[in-house]
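Chain by chain, the residues run as shown.
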Protein chains: 2
Amino acid sequence: MSILAALMLLQAQAAPTPPPEPPTPGSIVAAAPRSEWRAISPRDLLVIDLAPKGRAARRVVIQLVPAPFALGWTANIRTLAAAHWWDGTAVVRVQDNYVVQWGDPTEKKPLPAGIATVPERAYLTPLDTVAEARSPIEARDLPETRSRAKWLSDIAIGGTVTKAAREGWHERDSYAEWVEVIDGWPIATDDKNAWMPHCYGMVGVGRNLSPDTGSGAELYTVIGQAPRHLDRNIAIVGRVIAGMEHLSSLARGTGDLGFYKTPGERTPIVRARLASELPAAERPAFEMLATDSETFARYVAARANRRDSFFNVPAGGVDICNLPVPIRPAK
Amino acid sequence: MSILAALMLLQAQAAPTPPPEPPTPGSIVAAAPRSEWRAISPRDLLVIDLAPKGRAARRVVIQLVPAPFALGWTANIRTLAAAHWWDGTAVVRVQDNYVVQWGDPTEKKPLPAGIATVPERAYLTPLDTVAEARSPIEARDLPETRSRAKWLSDIAIGGTVTKAAREGWHERDSYAEWVEVIDGWPIATDDKNAWMPHCYGMVGVGRNLSPDTGSGAELYTVIGQAPRHLDRNIAIVGRVIAGMEHLSSLARGTGDLGFYKTPGERTPIVRARLASELPAAERPAFEMLATDSETFARYVAARANRRDSFFNVPAGGVDICNLPVPIRPAK
């Protein structure tokens, strides 16, 4: 036997190299090039410092929704933060599998000057204004009627995810005709309007009965299965991007709707500021994966069809609320 | 003016009677007649007593899934409870927006005799066996192929919800061809098989990589948005019907996958028993709303289309995981 033949035999008898492990959503995101990450402006971050638990700090960071969504309420929230209105307020309500809510327990604290009353129609954002906010797409290119949603989808995440679309994942939503991720945010639409869905960690504006729409002073975040029946009925103004565990793990309130029965059960809010108004040394910084990137398209496909070793059957779809946009502290 | 005319005028001038408030899902269930509630057998309840928090008891009650679902695993769980296997184990992992998991922290505690290894095919339950388990439907009545799922739906909740079906609510699931509530449980199907979805509070069997399917000794429950990509990849064996807040509000673990880094962070499990094996005085009792009842059909319709004062826009649909089956302590 020649040396070459012997080597070939040896190679054939050696344990076969295991096939490479298919990527996970996490490994796909970890491999994203630097160029696909986008800094989040400190003007769009609301930083809430809860009272420490023992010696442990509890900081919650909320990213405000971008234009053209919920502009009236986010303007109010910037005003409230600048006025230090939340300092000394508290988390007043924790209802399991629903929401954590914070604000003024007395409901009597005066609001600062400049708080606008936002009309109910602002729960919906016309599709053409969503398109106008996206450069370089021009509004005059908008096709008519129902296909707008499809068209928005096409511009949003491009060709790669069209494969996922063919597999049906984003045509099967119980609460909207179309759902999509656009400019870093989950969006639901009908044929005329867009709105943001009540996913885990999304932040909404507490309100009384219609026609009240809430000022933005009373806020809540979702801590369970997405209560999507609230979509289009309450304004979504942001999402928790850090410190969610400080809210989701709070003791549930035992009063009606999860309100705490006694003041001592509430978690005090020490301070709430826009990150841009914090001293530079205390200012958190985050970045998010561009959702028009190649990596995000691969991430969506992997969330919809897990093929790594743990999984036997890929789902073949993914709920819009089971598709969090990757966000991380900026280096 | 006649007295009659005066009375009529008075009536006309009085403040108009406000229209009756449309019912809420809660008010619909509260009005259900006694005859629509079904006792849950104490043989199907796993009662877990966590170590008290201060002086407050922490009891979690899990209802095991009915036949023909997950029979091998639920048999193991009954064996483990009878052997008092969980006594002295602990909650070892809390991952935000995902799961709380409990079991033996050492992973070395021997299992009792009689624990079966369940094959992976048991993740799926053939539709005809679901039908056989339902009296008085006979399996020979099953139509062929894809329409089985539709047929199961028809027998499950009858004519009233057909209206909801026409509105599209249960045809729009990202993770299954069909979803339905049958015999008190959420069910997902393709054209041949059924499985239970990973909704909030559902309990699953921790496992290692395939072909391991888990014994049932390591269990978890869902504490966030339904991780439906786990459907068909892990056995669902029950749901938390009381005390969920004792699990969902636990501090999140800071290790990989939410495992606690130190033993002191774990929550001890003092005792776990089937309710049927507890002394009568300590035995909890629960009942669930019959899901083939008129009330349940009205409840589904109201969950899909809220019309009470708080809501401006009814959703027009409802996710299978946003449709919890009403369960309450039995009187």
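Preceding this paragraph is the structure being described.
Residues numbered from 1 in each chain as written. Chains lettered and ligands numbered in written order. Predicted model: local features only at pLDDT ≥ 70, side-chain atom pairs only at ≥ 80, totals over all residues. Heavy atoms only, no water.

### What to know about the side chain of Arg-58 of chain B
Residue and element names in this part refer to chain B.
And then number 1: The topology assignment puts Arg-58 in strand β3 (residues 56–64).
And then number 2: Despite its burial, Arg-58 pairs with no opposite charge, the nearest such side chain being Asp-49 at 9.7 Å.
And then number 3: Residue contacts for Arg-58: discarding those within four places in its chain leaves Ile-48, Asp-49, Leu-50, Ala-51, Pro-52, Lys-53, His-246, Leu-250 and Thr-267. (Helix = DSSP H or I, 4+ residues; strand = E, 2+ residues; numbered from the N terminus. Buried < 20%, exposed > 50% of the residue type's maximum accessible area, 1.4 Å probe, protein only. Lys, Arg positive; Asp, Glu negative; His and termini not counted. Salt bridge = Lys/Arg side-chain N within 4 Å of Asp/Glu carboxyl O. Contact = heavy atoms within 4.5 Å.)

### As for the relation of the copies chain A and chain B
And then number 1: At an RMSD of 0.0 Å, chain A and chain B line up after a rotation of 180 degrees and a shift of 0.0 Å along the axis. Both copies are brought into coincidence by an operation consistent with a two-fold rotation axis.
And then number 2: Interface overlap between copies: 100% of the residues of chain A at the interface are likewise at the interface in chain B, consistent with a symmetric, same-surface contact. (Least-squares fit on C-alpha atoms with pLDDT ≥ 70 in both.)

### Here's the deal with helix α3 (residues 71–82) of chain A
An α-helical turn contains 3.6 residues, so any two residues separated by three or four positions project in the same direction.
Residue and element names in this part refer to chain A.
And then number 1: Taking 1.5 Å per residue as the helical rise, α3 with its twelve residues ought to reach 16 Å, and the 17 Å between its terminal C-alpha atoms agrees with that figure.
And then number 2: Those residues of α3 that sit buried are Trp-73, Thr-74, Asn-76, Ile-77, Leu-80 and Ala-81. The buried residues of α3 occupy one face: seen down the axis, they fall within an arc of 155 degrees.
And then number 3: Contacts made by the buried residues of α3 are with β2 (45–53), β3 (56–64), β10 (202–205), β11 (219–222), β12 (236–242) and β13 (267–274).
And then number 4: Phi for His-84, located one or two positions after α3, is positive at around 60 degrees. (Expected span 1.5 Å × (residues − 1). Arc of directions from axis to C-beta.)

### Things to note about the side chain of Arg-252 of chain A
And then number 1: With respect to the helices and strands, the residue Arg-252 of chain A is situated in the loop between α7 (244–248) and β13.
And then number 2: Note on Arg-252 of chain A: relative accessible area 10%, which makes it buried.
And then number 3: A polar side-chain atom of Arg-252 of chain A sits 2.8 Å from a polar atom in the side chain of Asp-96 of chain A.
And then number 4: The contacts of Arg-252 of chain A, once residues within four sequence positions are left out, are Val-94, Asp-96, Ile-223 and Tyr-260 of chain A together with Glu-245, Ser-248 and Ser-249 of chain B. (Polar contact = N/O pair within 3.5 Å; in protein donor to acceptor, adjacent residues only side chain to side chain.)

### Things to note about the pairing of strand β8 (residues 185–189) of chain A
Residue and element names in this part refer to chain A.
And then number 1: Among the five residues of β8, five are classified as buried, and the element is accordingly described as predominantly covered.
And then number 2: Neither face of β8 is exposed, since Trp-185, Ile-187 and Thr-189 on one face and Pro-186 and Ala-188 on the opposite face are all buried.
And then number 3: Looking at chain direction, strand β7 (residues 178–182) and β8 are connected through five bridges and run antiparallel. Along β8, the bridge assignment pairs Trp-178 with Thr-189.
And then number 4: From the end of β7 to the start of β8, which pair antiparallel, there are two residues, and Asp-183 there has a positive phi angle of about 50 degrees.
And then number 5: Sheet analysis places β8 next to strand β9 (residues 193–195), joined by two bridges and oriented antiparallel. Among the inter-strand pairings, Ala-188 is bridged to a residue of β9, identified as Trp-195. (Pairing = 2+ DSSP bridges.)

### A look at the state of the cysteines
Residue and element names in this part refer to chain A.
And then number 1: Overall, the coordinates contain two disulfides over all chains when judged by the stated rule.
And then number 2: Here Cys-199 engages in a disulfide with Cys-321; their sulfurs sit 2.1 Å apart. Judged by the sign of its S-S torsion, about -70 degrees, the bond between Cys-199 and Cys-321 is left-handed. Here Cys-321 lies in the loop between α8 (294–304) and β15 (327–329) and Cys-199 lies in the loop between β9 and β10, a separation of 122 residues in the sequence.
And then number 3: According to the relative accessible area criterion, Cys-321 is buried, its value standing at 8%. (Disulfide = S-S within 2.5 Å.)

### Let's talk about the interface of chain A and chain B
And then number 1: Across the contact, 49 residues belong to chain A and 49 residues belong to chain B.
And then number 2: Contact with chain B buries area across many residues of chain A, yet Arg-172, Gln-225 and Phe-310 of chain A alone supply 19% of it, more than any other trio.
And then number 3: Scanning the region where chain A abuts chain B turns up zero salt bridges.
And then number 4: For the pair chain A and chain B, the number of links is 20 residue pairs in polar contact (both at pLDDT 80 or more).
And then number 5: The class makeup of the residues in the side of chain A that touches chain B is 21 nonpolar, 15 polar and 13 charged. (Buried area = accessible area lost by both parts, 1.4 Å probe. Nonpolar A, V, L, I, M, F, W, Y, C, P; charged D, E, K, R; others polar.)

### Some points on the sheet that holds strand β1 (residues 37–39) of chain B
Residues and elements named next belong to chain B.
And then number 1: In spatial order, the strands read β1-β14-β15; together these three strands make up an open sheet with antiparallel pairing. At either margin of the open sheet sits one strand with a lone partner, and together these are β1 and β15 (327–329). Averaged over all adjacent pairs, the angle separating strand axes in this sheet is 30 degrees, with direction ignored.
And then number 2: Of the strand pairs in this sheet, strand β14 (residues 286–289) and β15 are connected by three bridges, and their pairing is antiparallel. Its bridge partner being in β15, Met-288 is matched across the sheet by Ile-327. (Axes fitted to C-alpha atoms, helices over the stretch in contact; angles between N-to-C directions.)

### Side note on the packing of aromatic side chains
Residues and elements named next belong to chain B.
And then number 1: Scanning all chains against the criterion turns up eight aromatic pairs over all chains.
And then number 2: Note on Phe-296 and Tyr-299: the rings are 5.6 Å apart at their centroids and 40 degrees apart in plane angle, and the pair reads as tilted. Taken together, the residues Phe-296 and Tyr-299, both in helix α8 (residues 294–304) and three residues apart, mark about one turn of the helix. Comparing Phe-296 with Tyr-299 shows no difference in burial state: the two are buried. (Phe/Tyr/Trp six-rings, centres within 6.5 Å; stacked < 30°, edge-to-face > 60°.)

### Regarding the pattern of salt bridges
And then number 1: Within this structure, the stated rule accounts for 24 salt bridges over all chains.
And then number 2: A salt bridge links Arg-271 of chain A to Glu-282 of chain A; the nearest nitrogen and oxygen atoms lie 2.9 Å apart. Of the two residues, Arg-271 of chain A sits in strand β13 while Glu-282 of chain A sits in the loop between β13 and β14 (286–289), which places them eleven residues apart along the sequence.
And then number 3: Measuring nitrogen to oxygen at the nearest pair gives 3.0 Å for the salt bridge that ties Arg-306 of chain B to Asp-308 of chain B.
And then number 4: When salt bridges with common partners are traced through the structure, they connect Asp-49, Arg-59, Arg-271 and Glu-282 of chain A into a single cluster.

Taken by themselves, the reported measurements are silent on function.
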